[in-house]
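Results of the structural survey
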Amino acid sequence: MAISTYATIDVGTSQLSMKIYEVSRQHGVKELTHVRHKLFLGAETYSKGFLSYQTVSEICTTLNDFKRIMADFNTRSWQIYATSGLREAENCLVAVDQIKIQTGFDVKVLSNSEACFLYYKALALREEKFESYIEEGALVVNIGAGSIQLSIFNEGRLRATQNLLLGSFRIRELLNVMQDEAYDFNALISEYMEKDLDLFQKYYLDSVNIRHIITIGGMIPEIYQYLQKTDPDFNGQISKKTLMKKKLPKELSGDMAKLVIPTVLLCRQIAELTECNQFYLSAIDFCDSIAADYAQKKLKLVSRHDFTRDILSASENIAGKYKVDMKHVENVQTLALEIFDRIRKLHGLGKRERLLLQIGVILHSCGSYINEIQTRECSYRIIMSTEIIGISHKERAMVANMVRYNTTSIPTYEELYEDFTENEYITIVKLNAILKTANVLDKSNRQKIKNVGVTLKDGVLTITAHTMADITLEKGMFHHGADVFQEVFGIRPVLRQKRN
């Protein structure tokens with residue numbers, strides 16, 4: 001791959017930021033320039049609920065300025081992402097449409113989980129100690145303007161993650177009206193954050209040994225740069241003692257202080273949640289995170305970290321929270337993946353859809369914790385209400401609907417067209433058919449069928465169960481799943497037993 005230039009643009013809550021990189025397979029991604037334009041669109045979104053015409057116009061003007069800079073660098077590839085500052089605005093779709101009309105740019109609005117996943121990719125690619133930190137036990141704190149994402153890693157895996165509406169800008173905007181009345185405004189901010197953080201500690205941290213705290217996002221890169229100016233040897237490491245006593249820079253004023261002060265106070269509050277004595281501030285910003293994702297996909301740069309394992313681990317932790325029978329899940333997962341892999345030519349799906357099938361299997365019965373009679377509906381609502389870092393909101397909705405209709409017929413596309421494209425709907429239908437077929441093979445939850453052979457011949461899919469157990473129940477329940485399978489794939493699955 002020849003050397004080329006590539007640009008990332010972050011339509012952020014406090015600024016529009018663009019970085020242009022030199023990209024090559026030999027040297028990877030090298031930053032060439034970084035330009036920023038202060039624009040506090042988050043202030044409008046969090047206080048008014050929408051973006052004014054003037055703000056949208058300023059976004060477009062700035063993006064056109066960025067376009068001219070990109071031309072100077074002969075940039076032919078770029079990606080433009082927006083997060084909560086635009087996502088939570090009531091007129092988000094109108095704003096995105098105006099940006100397209102006035103600049104020609106397509107802006108992709110990311111969900112919180114998608115944005116966090118890009119940050120984690122950048123950490124894995126660029127921070128040398130990331131793998132050792134998460135192996136020993138780490139709390140990764142993504143401090144955005146609208147919210148913070150707290151993710152617990154242990155033994156190299158993502159164990160739990162929680163999003164809290166405690167972003168630096170949101171806090172400041174909510175409490176700004178009280179500033180003149182407060183005797184100690186910083187203490188007021190700390191008091192506001194305390195309850196949510198204490199609950200997070202109670203539910204997630206009490207049983208985990210956190211040895212490292214990694215902070216990313218928001219104003220963290222700016223704080224990193226300030227500390228590096230005062231100490232050229234600063235490499236991101238800061239002790240808990242120093243963090244608690246470090247004075248805020250006197251030159252901070254106005255809008256900058258509105259973001260930095262809540263960020264520092266959040267770090268201090270989080271430091272008190274654990275016995276960890278080491279904080280790590282990452283200089284990676286969101287533009288770097290977009291570039292890291294690009295590098296993985298286009299340059300085939302391989303990360304040492306297995307993010308698929310993280311996604312499955314997080315799903316398993318959600319299942320554990322709702323007391324799911326994991327032996328049943330493991331058995332159904334083995335059966336479902338065996339069927340999926342053997343009929344690839346019939347379903348035409350890929351690795352991503354295979355992952356969604358695994359997540360669906362893991363979470364298909366979590367709703368029984370709430371209501372045994374309405375298990376599928378409750379499972380659907382749990383999945384839709386729970387963030388899974390690494391999959392998009394749309395993918396989460398696909399999993400939720402796959403599970404929702406596990407024991408009933410899926411509605412027609414006409415009933416779901418507002419939520420899914422035709423291809424997405426067909427994918428749900430195919431994965432649902434496989435889930436139904438695999439699930440009935442362990443209908444008794446006794447794992448009587450642990451190993452199957454799957455063969456396709458003359459339009460018949462033969463599933464051979466290698467077991468000595470009595471599988472009369474499974475054979476009886478198999479017919480309904482077989483009917484659905486035949487409707488979807490055009491072949492009839494047949495269950496045979498081989499006693500060995």
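Our structure's up above, just so we're on the same page.
Residues numbered from 1 in each chain as written. Predicted model: local features only at pLDDT ≥ 70, side-chain atom pairs only at ≥ 80, totals over all residues. Heavy atoms only, no water.

The next subject is helix α21 (residues 472-489). Here α21 spans 25 Å end to end across 18 residues, near enough to the 26 Å set by a 1.5 Å rise per residue. Within α21, the axis deviates most sharply at F478, by approximately 35°. Every buried residue belonging to α21 is among E474, F478, G481, A482, V484, F485 and F489, and all of these are buried. On its buried face, α21 sits against α14 (326-342), α15 (344-347), α20 (422-440), β13 (460-466) and β14 (492-498). Positive backbone phi, at 80°, marks G490, one or two positions downstream of α21. (Helix = DSSP H or I, 4+ residues; strand = E, 2+ residues; numbered from the N terminus. Expected span 1.5 Å × (residues − 1). Bend = angle between axes of the 7 residues up to and from the residue. Buried < 20%, exposed > 50% of the residue type's maximum accessible area, 1.4 Å probe, protein only. Contact = heavy atoms within 4.5 Å.)

Where helix α18 (residues 393-404) contacts α20, the two axes come as close as 9 Å, and the packing angle between them is 40°. By the criterion of interaxial angle, the relationship of α18 to α20 is oblique. Relative to α20, α18 is oriented so that their crossing is right-handed. Mapping the contact onto sequence places K394, M398, N401, M402 and V403 in α18 and E424, T427, I428, L431, N432 and L435 in α20. By residue class, the composition of the contact of α18 with α20 is six nonpolar, three polar and two charged. (Axes fitted to C-alpha atoms, helices over the stretch in contact; angles between N-to-C directions. Parallel < 35°, antiparallel > 145°, perpendicular 65-115°, else oblique. Left-handed = near helix turned anticlockwise from the far one by under 90°. Nonpolar A, V, L, I, M, F, W, Y, C, P; charged D, E, K, R; others polar.)

Formally, a disulfide is one covalent bond, and it connects the sulfur atom of one cysteine to the sulfur atom of another. Applying the stated criterion across every chain, the model contains zero disulfides. Of all cysteine sulfurs in the structure, the one in C267 sits closest to C276, which takes part in no disulfide; the separation is 12 Å. For C276, a relative accessible area of 3% puts it in the buried group. C366 provides the cysteine sulfur closest to C378, a residue in no disulfide bond, and the two sulfurs are 8.9 Å apart. (Disulfide = S-S within 2.5 Å.)

Geometric descriptors of this kind do not, in isolation, establish any biological role.
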